[in-house]
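Coordinates in review
Below, each chain spelled out in residue letters.
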Amino acid sequence: MVDAAVVVKQLRSTYASGITKDYDWRISQLKAFQKIVTSHEKEILYALRTDLSKPEHESQVQEIAQVLSACSLALKELKRWMKPQTVNPSIIAFPSSAKVIMEPLGVVLVISTWNFPFMLSLEPVIGAIAAGNVVVLKTSELAPATSALLAKLIPEYVDSSAVKVVQGSVPETTALLEQKWDKIFYTGSSRVGRIVSAAAAKHLTPVVLELGGKCPAVIDENINLTVAARRIISGKWGCNNGQACISPDYLITTKAYASKVAEAISTELDKLYGKDPLQSHELSRIINIHHFHRLLKLMDDDKVNQKIFRGGQHNESILKIAPTILLDVPQDALILEEEIFGPLLPIVMVDNIEDSIALISAKEKPLAAYLFTNNERMKDMFKRSISAGSICINDTIIHFLVPNLPFGGVGESGTGAYHGKLTFESFSHKKAVLERSFILDLDARYPPYAPWKTKFLKAVVQGHIASIARSFLCR
Amino acid sequence: MQNTLQLELKQCFRSGRTKAVSWRVDQLQALLKLVSEKETQIFDALKKDLGKHRVESYRDEVGLVKKSVVNALLHIKEWMAPKKTRLPLLLFPASAEVLPEPLGTVLILSSWNFPISLALDPLVGAISAGNTMLLKPSELAPACSTLLAEIIPLYLDKEAIKVVNGGSDVAGELLQLQWDKIFFTGSPRVGSIVMSAAAKHLTPVTLELGGKCPAILDSLSGSDFKVAMKRIAGGKWGPCAGQACLAVDYLLVEQKSVSVVIESLKNCIKKFYGDNVKSLQSICRIVNKHHFDRLRSLLDEPGVAASIVYGGSVNEELMMIEPTIFLDPPLDAGIMTEEIFGPFLPIVTLNQIEESIDIINERPKPLAVYAFTNNEKLKSRILHETSSGSVTFNDTIIQFICDVLPFGGVGNSGFGRYHGKYSFDTFSHEKAVLHRRFMLELEPRYPPWNSFKLEFIRLAYRFDYFNVLLLLLGLRRKFTAPSS
């Protein structure tokens, strides 16, 4: 097992040398990451297929393209991101000049996860390097092929005195968490998020926690149901077969509309994946037998096992479960309590579509909330009443692609955000710098205190030029 | 009991009342009224708790809060407004915005050294951001805490803003509950306890902690030197007799200048405060016996008392310790390893001023680094080779009053920041909202997959629109899928 303390020591020494602060060094590392992707695309696709049976198209869009996009944005914008931001100090501090400079935090830990094992490892690491830090990347043992590939390729291209990959499972993660880090960036479950946070607390380490939750999708009437169905499918089964933090977890629609919704999704599922989805190569498999059984248990629950509208077929030897829709699921069913993280889609029915808001608000804040509607009032109400990491109206998951939108959770779905410039900022300290002149030193600041000094300070704080003059002249 | 109070706050938040801009503005205006109308009582309480002079009380407490509130009132609509975001062409037609929303019900734990401003300034942020809140002031400033518990309900919305007093047991109870944010000002030791408690509920925290804020004093010309010395003295003993996270903790000076520096500091001290510990003016007393004893015991370590070049007298009855200067105390003594938080000023002499950078870097990252110099090269080195919450050149403390600058620490001095818009942000969640239309569906999004769709996606998601166009026009060769 790798010695975490030794690794951290080595990295601290690299950081102390100052090399990672250098613009040219950062650019060279970003280019190296870019090269890893462009030169080894086939191996990356193969590893993802091995770990998750991930269809090539998903790997291209959701893993490879995301990483390349992060690299090219950073390469293009780094100079601008690194530039100090001049601010206008208040009149009280006159004469002075002020700015905020972006400073790396130092030695950071990125803990990634198994469902998007390539992208969720590299995107934070790229941001950390762009911000001038040194990094340990701890990959997930549940995606061994991708972890091994990253552990092989990263040292070949990137400065290994600044970026280290640690594979392994709970013991390795625990050992790493005992060290003192300048930042920890964790993607995974709320349960482990608590453990990471508690470990960070011992060293006063700030954290970003990208967690999960039950992302609801509300389907209103009077919409283009075919397009909506396809977009839901794309976000659910087209996204690692529902094993994604931003997949629509469950649907809410009206009693009157529910069967139409179920029918529409079912029809589109046939078109997109065929009549025998267990044979389809275009659906990721379930990651492992533990999660496979967990999902079967959700379907077996007495409250829902008679509610399967479509699907339910499964094959343990290939770890596949067919896209499954459950219609009219009672709100106290197990499947509505925990994050599903799989190809099961429960549909909850309400009397009026507005009731969905109370239903969602009664649960923990999700990473994303989706609404399909053409009703402007409903859109507005949803936007203002639902607290979630992000909201997407009339589509699913696509907000993930937008580099200028903050991607992160709130409450149980996490803290902090990244993507685009925010990733850079996430791994930076915004240092305030105030530069004062020696001239115009105000006596009123110093003792011995006197009534005119109080009057003067009051006037300055209130910005009353006349009062300032008056109190100064009357001292 | 705390549970019930919190439930009321959560219920109030759920009612949606605190989200309205009118509520926020009303509360801010009420807060302004509070500090104006109760100014005398506030000054009295500060005098009682800390012996704080009214000028210091205005400058560091009342005036500060007023300025914060006025700034928030001026900008709140701007801060609350959704920010439109540019989207990639690929997503057309669509629009996106970032909508700030309140986190919910927040806990503010304030400190004893600026018991009014460190309680009310975060309150300004929490109110502006539309939250409900519980404030727990420090029991070590009892007159101020009692006053706050009395006057806040008189002016502010009782159901949305509550004050609870008590000691660490009460704080402990509050920390067991689930909050949407905890804002803590205090020591790193307690900061760690707060963060551990918050971890159980995945509650985000802002920790405003402390550290040893160094002041580097380079060679300066006559008039600049005089101003620098005043500012250093004012930055050491001015804020709560050195009991301030931002106070100058220790001074770094070249050997050749040290005697002039000491003389000048002595003159400042005599002029500002007097030279008799029984009758010092315009300076706070030590907050309580525990800290008084703690400071006194710093003198007991070997070599420390011997390094005193001015001061050293204490008066336990008055809880006063006179401004004291030390010349080169042992670097491994408590006075040089722990945050002093008192009126002791160690001076560390160097052969060359650049050595100060190493000395600073040997210690945990402080809340502020102060440097008095006109040497641009030195300024640049300090900026880029040290890390601290903030850096101020040629002055002390004053960065605290600039609302445009983020105020917060890094490393051991904390994380998160506030003041101005940063206060609003620290109590907000920035929610991304993406609006899409039903028309213009991108077929290549969906299976069944083929090589055309793959190529389209490869290009489109790299925002390579030119080649997408070529592909669509049939002018581009398709990518051959690798064999699985």
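Residues numbered from 1 in each chain as written. Chains lettered and ligands numbered in written order. Predicted model: local features only at pLDDT ≥ 70, side-chain atom pairs only at ≥ 80, totals over all residues. Heavy atoms only, no water.

Before going further, it helps to examine the overall build of chain A. What chain A contains, in helices and strands, is 16 helices and 18 strands. With respect to the three principal axes, the spread of C-alpha positions in chain A is 90 × 55 × 35 Å. The proportion of buried residues among the 475 residues of chain A is 65%. Partitioning the intrachain contacts of chain A with sequence separation of at least 6 by distance along the chain shows that 71% fall at a separation of at least 24. With the model as given, the accessible surface of chain A reaches about 17,000 Å², and the carbon-plus-sulfur share is 55%. Of note, chain A has its 53 positive side-chain charges centred 10 Å away from the centre of its 48 negative side-chain charges. (Helix = DSSP H or I, 4+ residues; strand = E, 2+ residues; numbered from the N terminus. Buried < 20%, exposed > 50% of the residue type's maximum accessible area, 1.4 Å probe, protein only. Contact = heavy atoms within 4.5 Å. Areas by Shrake-Rupley, 256 points an atom, 1.4 Å probe, with all protein chains shown as cover. Lys, Arg positive; Asp, Glu negative; His and termini not counted. Charge placed at Lys NZ, Arg CZ, Asp CG, Glu CD.)

The next subject is the sheet that holds strand β3 (residues 107–111) of chain A. Two strands in a sheet stick together by hydrogen bonds in their backbones, pointing the same way (parallel) or opposite ways (antiparallel). All names here are of chain A. On the basis of which strands lie adjacent, the open sheet formed by six strands has the order β5-β4-β3-β6-β7-β17 and mixed pairing. The open sheet is flanked by β5 (163–166) and β17 (414–415), the only strands paired with a single partner. Of the pairings in the sheet, the one linking strand β6 (residues 183–187) to strand β7 (residues 207–210) comprises four bridges and is parallel in character. Within β7, the position partnered with T187 by the bridge is E210. Contacting β4 (134–138) and β5, helix α6 (residues 144–157) runs over the sheet at an angle of about 160 degrees to β5. (Pairing = 2+ DSSP bridges. Axes fitted to C-alpha atoms, helices over the stretch in contact; angles between N-to-C directions.)

Looking now at the side chain of T14 of chain A. Residues and elements named next belong to chain A. Positionally, T14 belongs in helix α1 (residues 4–17). Looking at T14, the relative accessible area reads 10%, which means it is buried. A polar atom in the side chain of T14 sits 2.6 Å from the backbone oxygen of S161. With residues near it in sequence (within four places) discarded, T14 still touches I19, V134, S161 and A162. (Polar contact = N/O pair within 3.5 Å; in protein donor to acceptor, adjacent residues only side chain to side chain.)

Let's shift gears to the confidence of the model for chain B. Residues and elements named next belong to chain B. Averaged over all residues, the pLDDT of chain B equals 94, while 98% of them reach at least 70. In the predicted structure, residues 479–484 sits below a pLDDT of 50 and forms 12 contacts with residues beyond four places in sequence or in another chain. Predicted as a complex, the structure gets a pTM of 0.95 and an ipTM equal to 0.94. (pLDDT = per-residue confidence, 0-100.)

Let us now look at the nonpolar core. Ranked by internal contacts, the top residues of the largest apolar core, which has 155 residues, are F33 and I265 of chain A. In terms of residue count, helix α4 (residues 56–82) of chain A provides more of this core than any other element does, 10 residues in total. Not counting chain neighbours up to four residues away, the residues in contact with F33 of chain A comprise C71, L122, V125, I126, I129, I154 and V158 of chain A. Residues A30, V69, I161 and Y273 of chain B belong to the second largest nonpolar core, which totals 118 residues. (Core = buried A, V, L, I, M, F, W, Y, C linked by side-chain atoms within 4.5 Å.)

Before going further, it helps to examine the interface of chain A and chain B. Listed as interface residues are 108 residues of chain A and, on the opposing side, 110 residues of chain B. Of all residues in chain A, L204, F438 and Y449 of chain A bury the most surface against chain B, accounting for 10% of the area lost on that side. With its nearest N and O atoms 2.9 Å apart, the salt bridge here joins R231 of chain B to D441 of chain A. Of the residues assigned to the side of chain A that touches chain B, the class counts are 52 nonpolar, 27 polar and 29 charged. Across four bridges, strand β16 (residues 390–393) of chain A lies against strand β18 (residues 428–436) of chain B in parallel orientation. Note that in β18 of chain B the partner of S390 of chain A across the bridge is A432 of chain B. (Buried area = accessible area lost by both parts, 1.4 Å probe. Salt bridge = Lys/Arg side-chain N within 4 Å of Asp/Glu carboxyl O. Nonpolar A, V, L, I, M, F, W, Y, C, P; charged D, E, K, R; others polar.)

For the rest of this paragraph, the subject is the layout of surface pockets. Residues and elements named next belong to chain A. Volume-wise, the second largest pocket comes out at about 1,300 Å³. Lining the second largest pocket are 49 residues, with Y186, G188, S189, S190 and V192 positioned closest to its centre. Among the elements of the structure, α7 (170–177), β6, α8 (190–202) and α11 (289–300) are those that each provide at least two residues to the lining of the second largest pocket. The residue inventory of the lining of the second largest pocket, partitioned by class, reads 18 nonpolar, 16 polar and 15 charged. (1 Å grid on protein atoms, 1.4 Å probe; cavity = no way out; pocket = protein on both sides within 12 Å on 5 of 7 lines; lining within 4 Å. Points joined across faces, edges and corners; volume = space filled by probe spheres on them.)

Residue and element names in this part refer to chain A. Of the two faces of β7, the one carrying V207 and L209 and the one carrying V208 and E210 are both buried. Regarding the hand of the β-α-β motif, the stretch spanning β6, α8 and β7 is right-handed. In this structure, β7 lies alongside β17, joined through two bridges in antiparallel fashion. When the bridges of β17 are listed, E210 appears paired with G414. (Right-handed = clockwise from strand over helix to strand, strands pointing away.)

Turning to the sheet that holds strand β18 (residues 428–436) of chain A, a few remarks are in order. With mixed pairing, the 10 strands of this open sheet are ordered in space as β1(A)-β2(A)-β18(A)-β16(B)-β15(B)-β8(B)-β9(B)-β14(B)-β13(B)-β10(B). Two strands lie at the open edges of the sheet, namely β1 (85–87) of chain A together with β10 (308–310) of chain B, each paired on one side alone. Here the strands of the sheet are splayed against their neighbours by 25 degrees on average, with no regard to which way each runs. Pairing analysis gives four bridges linking β18 of chain A to strand β16 (residues 390–393) of chain B, with the strands arranged parallel. Residue pairing in the sheet places A432 of chain A in a bridge with S390 of chain B of β16 of chain B.

All names here are of chain B. Helix length check: helix α10 (residues 258–272), at 15 residues, gives a terminal C-alpha distance of 21 Å against a target of 21 Å (1.5 Å per residue), a fit within 8%. Within the sequence span of α10, burial applies to V258, V261, I262, S264, L265, K266, C268, I269 and F272. Where α10 is buried, its residues meet β8 (214–217), α9 (222–237), β9 (250–254), β10, β13 (324–327) and β14 (344–350). (Expected span 1.5 Å × (residues − 1).)

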